[in-house]
Every structure is written in C-alpha cells, then in structure tokens.
Amino acid sequence: MTARTPDTTSLTAWVADAVQAPSMHNAQPWLFHYERARGALALRMDPTRTMPRSDPSTRGLHLGCGAALFNLRVAAADAGWEARITARPDPADPELLAVAGFVPARDRDDIAGLRPAVLRRHTSRVPFSDEPVPEELLDGLRGAAVAEGARLDVADDWRVREVLTAVWDAERAEELSPEVREEIARWTADRDASAPDGIPPYARGLRRHDGRAPVRDFPGGGAGDRGAAVYEPAPCLAVLGTRRDEPEDWLRAGQAMQRVLLQATLDGLATSLNSQALEWPELRWLVRDPRSRTAHPQIVIRLGYGPEAPATPRRAVSEVLTVA
C-alpha cells in the first residue's frame, strides 16, 4: 500500500536538497515547517535574513526561495512523489511564501533527472573560457525557463553592452551608498570559512583586471589578497524574466532560474548569477530586452565553460526545518 503522506525521513532529505539553492549573498532566507498529519510543508521567509537596503521589496528573497522550491520538487519527483505548490496562500500572512502538498506520482516526472545536479551546481565567480556555448544547449535552457512559466533571453553583443552598462551604473550607485555597502558586508566581508551562510573568502572569485563579465567585487574581506584576472571579453549572458511582477511571479522566476541552472550543470556549463542592476529600480528597466515578450527582468545568468566551483556553506537542516 502506498503511503498517503511522505515520512519524515524522506521529507527531511528533500529539504536538505531544497536548501542547496542559491540565494542573494547566500543568506538562505528560508524556514520550513512540516505537518505530518496533513502531509503539508510550509515555506516561510526568515525575517532575520532580509535585506531592507538591497532588497526592500523582498523580490530577491522570493527568487532564492523559489529556487529552493524547485529543488524540493526535483527531490520529491526522484522519490516518486509530486510536490504540488500553492504560492502565497494567505494574503494576511506575507511571510508564508508557499505550501507544498505531496501525492504519489503516476509517472516519473522529467525533472527527476535533474537531481544529480542539485549538489553539483555551484556559483562560479572565476573567468570562463572563450569557448562559445552551443546554440542547442541555449535552446534547451530556454525551454527549461518556458516550462516554469518564464522566459530566458540570451543577449546578443548589443544587449550585452546594455546589460553591462546597467551593472556598472549599479556598482557606482552601490559605492555611493554606505547603507547598502554595510548590508552586503554583513554577508561577505564579515564572514569566514566556518560560517554556515554568506559568501566565504574562497568563493568570492578574483578581482576583474580586464574583460566584460559581470562579476561582483564584494567589499572588504581581504579583496586585495584574492588576485586579479582577465575575464571573458564576450561573456554569454542571459536575462530571465516574467510577464508580471508580483510576489507569485518572483517565486515562479526562482523556480525557472533553478531549472535553468540545474540543466546547465548537467550540460557541463559553469554558471553565475548577477542581480546588481536589478537591485536598483531606476536601473532594472535597462536590463530588459525591448524585443522580449517579458516585461520584467528578474535575474542575469552568466553561462560558459570553466573550472568546477567550490560549494558554499549551508545551514543544517535541523536549523531550518521543524516537524509537528
């Protein structure tokens, strides 16, 4: 007889996969609560991990939590379950982002094949090679975004220049805002390799000496000791966007982002994310391709071939999951 609800051991393993998702500055802004009797898993934002200066709308937080939801779906599918997600179920409780219910799957979902990539996917902040990404792989990534209700627009050289101009303007705006710099430093310069969150020194990459790749140079934390490198002169950049721009769309974009990242990992690609220009409302519109069917850019994804990136730390599942 098939169990009507997942057992706690299985559910815990799925959450362990969920928290491998990327999040803004690796803040890991998620909390999970599982009600065994109902078989319902609630995902809530962790209010202690918001970024009111860099992410006042919590759009970036929603993207990270959406990515965690997609990892959860992948893990459940690989175990023979379908995770049915209800986004933002209670308007009176904005910290409740989603509730997942689980039913035994009749057929194996294609996303189950992405599970090996969950632990292999890491953000790479080092230079990529000049080898171009084949068009057939890019088409597959576009399809991955569409499957989750989003769109992935790969930038041509003209659009790359426009995106990079917005990123560089964001860098200057960041330099002029001590409040923003202080908030970022909380998760970067003030972290060390033993912290369970944030971006440790070994994962911050190299300072950009030359090249056009949008790689964020985090403040402090011994940046001068990291060395410098020449990055790609013609980076492969893609903008993931949605037609609408409500919190439910941000969660959808996070799931689409993670599906793209996992597929790229299976395809042998290195990836990194850049939200710098999107953190400034007056610059965000510059990232949008005017020819795109999507009106709202959500994240910039850099794609290419490069060395395997190190894993960044994660909080223990026992710190983010409660069971009742």
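Our structure is the block above this text.
Anyway, here's the lowdown on the structure attached to this text.

Quick notes on the rules
- Residues numbered from 1 in each chain as written.
- Predicted model: local features only at pLDDT ≥ 70, side-chain atom pairs only at ≥ 80, totals over all residues.
- Heavy atoms only, no water.
- Axes fitted to C-alpha atoms, helices over the stretch in contact; angles between N-to-C directions.
- Helix = DSSP H or I, 4+ residues; strand = E, 2+ residues; numbered from the N terminus.
- Parallel < 35°, antiparallel > 145°, perpendicular 65-115°, else oblique.
- Left-handed = near helix turned anticlockwise from the far one by under 90°.
- Contact = heavy atoms within 4.5 Å.
- Nonpolar A, V, L, I, M, F, W, Y, C, P; charged D, E, K, R; others polar.
- Phe/Tyr/Trp six-rings, centres within 6.5 Å; stacked < 30°, edge-to-face > 60°.
- Lys NZ or Arg CZ within 6 Å of the ring centre and 35° of its normal.
- Salt bridge = Lys/Arg side-chain N within 4 Å of Asp/Glu carboxyl O.
- Buried < 20%, exposed > 50% of the residue type's maximum accessible area, 1.4 Å probe, protein only.
- Pairing = 2+ DSSP bridges.

Further remarks concern the packing of helix α1 (residues 8–18) against helix α2 (residues 59–78). Packed helix pairs are specified by the crossing angle of their axes together with the interaxial distance, meaning the distance between the axes. Their axes nearest at 7 Å, the elements α1 and α2 cross at an angle of 135°. By the angle between their directions, the pair α1 and α2 is classed as oblique. For the crossing formed where α1 meets α2, the hand is right-handed. Contacts between α1 and α2 pair Trp-14, Val-15, Asp-17 and Ala-18 from the former with Ala-68, Asn-71, Leu-72, Ala-75 and Ala-76 from the latter. Across the contact of α1 with α2, the residue classes break down as seven nonpolar, one polar and one charged.

Below, the discussion takes up the packing of aromatic side chains. Evaluated as defined, the whole model comprises two aromatic pairs. Aromatic pair Trp-14 and Phe-102: ring centres 5.3 Å apart, planes at 50°, arrangement tilted. Pair noted here: Trp-14 is in helix α1 and Phe-102 is in strand β4 (residues 96–104), with a separation of 88 residues, a long-range link. Seen from the ring of Trp-158, Arg-159 lies directly overhead, with NZ or CZ sitting 5.6 Å from the centre. When the ring centre of Phe-128 is taken as reference, the NZ or CZ atom of Arg-302 above it lies at 3.6 Å.

Bringing the pattern of salt bridges into the picture now. Applying the stated criterion across every chain, the model contains 26 salt bridges. For the salt bridge of Arg-212 with Asp-157, the shortest nitrogen-to-oxygen distance reads 3.4 Å. With a gap of 55 residues between them, Arg-212 in the loop between β6 (207–210) and β7 (228–230) and Asp-157 in helix α5 (residues 157–175) connect regions that are remote in the sequence. Asp-157 gets classed as partly exposed once you look at its relative accessible area, which sits at 42%. Glu-174 serves as the salt-bridge partner of Arg-216, at 2.6 Å between the closest nitrogen and oxygen. With Arg-216 in the loop between β6 and β7 and Glu-174 in helix α5, the pair connects residues that are 42 residues apart, well separated along the chain.

Right, let's get into the packing of α2 against helix α7 (residues 247–266). One way to put it is that α2 packs onto α7 with a least axis distance of 6 Å and a crossing angle of 55°. The orientation of α2 with respect to α7, classified from their angle, is oblique. The handedness of the crossing between α2 and α7 comes out as right-handed. Where α2 abuts α7, its residues Arg-59, His-62, Leu-63, Cys-65, Gly-66, Ala-67, Leu-69, Phe-70, Asn-71, Arg-73 and Val-74 lie against Pro-247, Trp-250, Leu-251, Ala-253, Gly-254, Gln-255, Met-257, Gln-258, Arg-259 and Leu-262. Broken down by class, the residue content of the contact of α2 with α7 amounts to 12 nonpolar, six polar and three charged.

What follows deals with the sheet that holds strand β11 (residues 321–323). Spatial ordering of the open sheet is given by β3-β4-β2-β1-β11, a layout of five strands whose pairing is mixed. Single-partner strands in this sheet number two, and they are β3 (81–87) and β11. Taking the axes of each pair of neighbouring strands and ignoring which way they run, one obtains an average angle of 20° across the sheet. When strand β1 (residues 30–35) meets strand β2 (residues 40–45), the two strands line up antiparallel, connected through six bridges. When the bridges of β2 are listed, His-33 appears paired with Ala-42.

Across the sheet, four strands lie side by side as β5-β8-β10-β9; this open sheet has antiparallel pairing. Only two strands of the sheet have a single neighbouring strand rather than two, namely β5 (151–154) and β9 (270–274). Each adjacent strand pair in this sheet contributes to an overall mean axis angle of 30°, direction not counted. By the bridge criterion, seven bridges tie strand β8 (residues 236–242) to strand β10 (residues 296–304) in an arrangement that is antiparallel. Residue pairing in the sheet places Gly-241 in a bridge with Pro-297 of β10. Across the face of the sheet, α7 comes into contact with β5, β8, β9 and β10 while running at roughly 10° to β10.

Another point: the pairing of β10. Counting buried positions along β10 yields eight of nine residues, so the element is predominantly enclosed. In this sheet, β10 lies alongside β9 in antiparallel orientation, the contact comprising five bridges. In the sheet register, Leu-273 faces β10, and the bridge partner there is Ile-301.

Turning our eyes to something else, we now look at the pairing of β8. In summary, the side chains of a regular strand alternate between the two faces of the sheet. Within β8, seven of the seven residues are buried, which leaves the element mostly enclosed by the surrounding structure. Of the two faces of β8, both are covered, the one formed by Cys-236, Ala-238, Leu-240 and Thr-242 as well as the one formed by Leu-237, Val-239 and Gly-241. Here β5 pairs with β8 via four bridges, running antiparallel. Among the inter-strand pairings, Arg-151 is bridged to a residue of β8, identified as Gly-241.

Turning our eyes to something else, we now look at unusual backbone geometry. In this model, Gln-28 sits at a positive phi of 55°, which is unusual for a non-glycine residue. Take Gln-28: it is sitting in the loop between α1 and β1. For Thr-58, which is not a glycine, the phi torsion comes out positive at approximately 65°. With respect to the helices, strands and loops of the structure, Thr-58 is situated in the loop between β2 and α2.

These figures capture arrangement, not role.
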